[in-house]
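Descriptive structure summary
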Amino acid sequence: MLLLSLLQIFLRYFSFLGLRLFTWGDEIVRLSSIWVVFLAASLGVKEKAHLSVAFFLEKYLPKKLMVSVQNIASLIVIVTQVFLIYYGSRYALNAVGKTLQNIDMSIAWFYAAIPVGCFYLLMDYILILVYKEHPYSRKKLSIDKN
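Residues numbered from 1 in each chain as written. Predicted model: local features only at pLDDT ≥ 70, side-chain atom pairs only at ≥ 80, totals over all residues. Heavy atoms only, no water.

Across its full length, the chain carries seven helices and zero strands. Sequence-ordered secondary structure for the chain, helices as α and strands as β, is α-α-α-α-α-α-α. Based on the C-alpha atoms only, the size of the chain along its principal axes is roughly 65 × 40 × 30 Å. Evaluated residue by residue, the chain yields a buried proportion of 28% over its 146 residues. Put simply, the chain shows about 10,600 Å² of open surface, and 69% of that area lies on carbon and sulfur atoms. Here the chain carries 15 positive and 8 negative side-chain charges, and the mean point of each set is 6 Å from the other. (Helix = DSSP H or I, 4+ residues; strand = E, 2+ residues; numbered from the N terminus. Buried < 20%, exposed > 50% of the residue type's maximum accessible area, 1.4 Å probe, protein only. Areas by Shrake-Rupley, 256 points an atom, 1.4 Å probe, with all protein chains shown as cover. Lys, Arg positive; Asp, Glu negative; His and termini not counted. Charge placed at Lys NZ, Arg CZ, Asp CG, Glu CD.)

Quick look at the structure:
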């Protein structure tokens with residue numbers, strides 16, 4: 001994705017003819033970013049890199065209530081992920097016959113990032129709900145080693 005973007009920029013601004021040899025490049029880069037976002041979201045959950053209100057929960061709520069609030073939040077996210085997996089799968093399957101503008105490739109490959117990424121998020125939140133934190137987090141492992 002990065003190399004294709006750099007090549008597109010180079011050909012657009014630095015070639016003497018303003019060559020645009022890869023007309024499909026912009027489309028592939030833009031749609032591939034959907035996959036990157038949805039797969040990286042799962043990594044962010046695992047490593048606790050997403051924005052959270054844990055600071056306020058720890059400061060203003062008793063420990064027992066904080067755990068309950070976190071469990072309820074995880075359940076809400078799990079239900080949301082199931083919803084997104086279901087409707088994202090339907091949307092991707094409905095787009096199987098539609099192709100990209102510059103390439104003879106189904107756009108469903110790109111729409112599939114939504115249910116696949118949400119499935120990974122679902123698994124992460126189930127693990128967090130069961131173990132109270134992600135068991136495969138590198139942050140947890142580095143703390144245990146010290």
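What follows continues from the structure just given.
Before going further, it helps to examine the confidence of the model for the chain. Counting all residues, the mean pLDDT for the chain is 85, and 90% of those residues have values of 70 or more. Under a pLDDT of 50 for its full length, residues 141-146 has, in the predicted model, zero contacts with residues more than four places off or in other chains. (pLDDT = per-residue confidence, 0-100. Contact = heavy atoms within 4.5 Å.)

A positive phi angle, close to 55 degrees, is found at K48, a residue other than glycine. Mapped onto the fold, K48 is located in the loop between helix 2 (25-46) and helix 3 (54-60). Residue class for K48 comes out exposed when judged on its relative accessible area of 59%. Positive phi is not limited to glycine here, since K132 has a value of about 70 degrees. Mapping K132 onto the fold places it in the loop between helix 6 (113-131) and helix 7 (138-145). We classify K132 as exposed; its relative accessible area is 51%.

This part is about the pattern of salt bridges. Scanning the model with the defined rule gives one salt bridge in all. The residue E47 makes a salt bridge to R138 at a minimum N-O spacing of 3.8 Å. Taken together, the residues span a long stretch of sequence, with E47 in the loop between helix 2 and helix 3 and R138 in helix 7 at a distance of 91 residues. (Salt bridge = Lys/Arg side-chain N within 4 Å of Asp/Glu carboxyl O.)

This part takes up helix 2. For helix 2, spanning 22 residues, the distance from its first C-alpha to its last is 32 Å, which sits close to the expected 32 Å at 1.5 Å a residue. By the burial criterion, the buried members of helix 2 are G25, E27, I28, V29, L31, S32, A41, S42, G44 and V45. On its buried face, helix 2 is in contact with helix 1 (2-13), helix 5 (108-111) and helix 6. Following helix 2 by one or two positions, K48 adopts a phi angle in the positive range, close to 55 degrees. (Expected span 1.5 Å × (residues − 1).)

Two elements in contact, helix 1 and helix 2, have axes separated by 10 Å at closest approach and are oriented at 145 degrees. Handedness of the crossing formed by helix 1 with helix 2: left-handed. Listed contacts from helix 2 to L4, S5, Q8 and R12 of helix 1 are G25, D26, I28 and V29. Within the contact of helix 1 with helix 2, the residues separate by chemical class into three nonpolar, three polar and two charged. (Axes fitted to C-alpha atoms, helices over the stretch in contact; angles between N-to-C directions. Left-handed = near helix turned anticlockwise from the far one by under 90°. Nonpolar A, V, L, I, M, F, W, Y, C, P; charged D, E, K, R; others polar.)

Here the focus is the environment of F55. Among the structural elements, F55 can be located in helix 3. Sequence separation between F55 and A73 is 18 residues; the distance between their C-alpha atoms is 15 Å.

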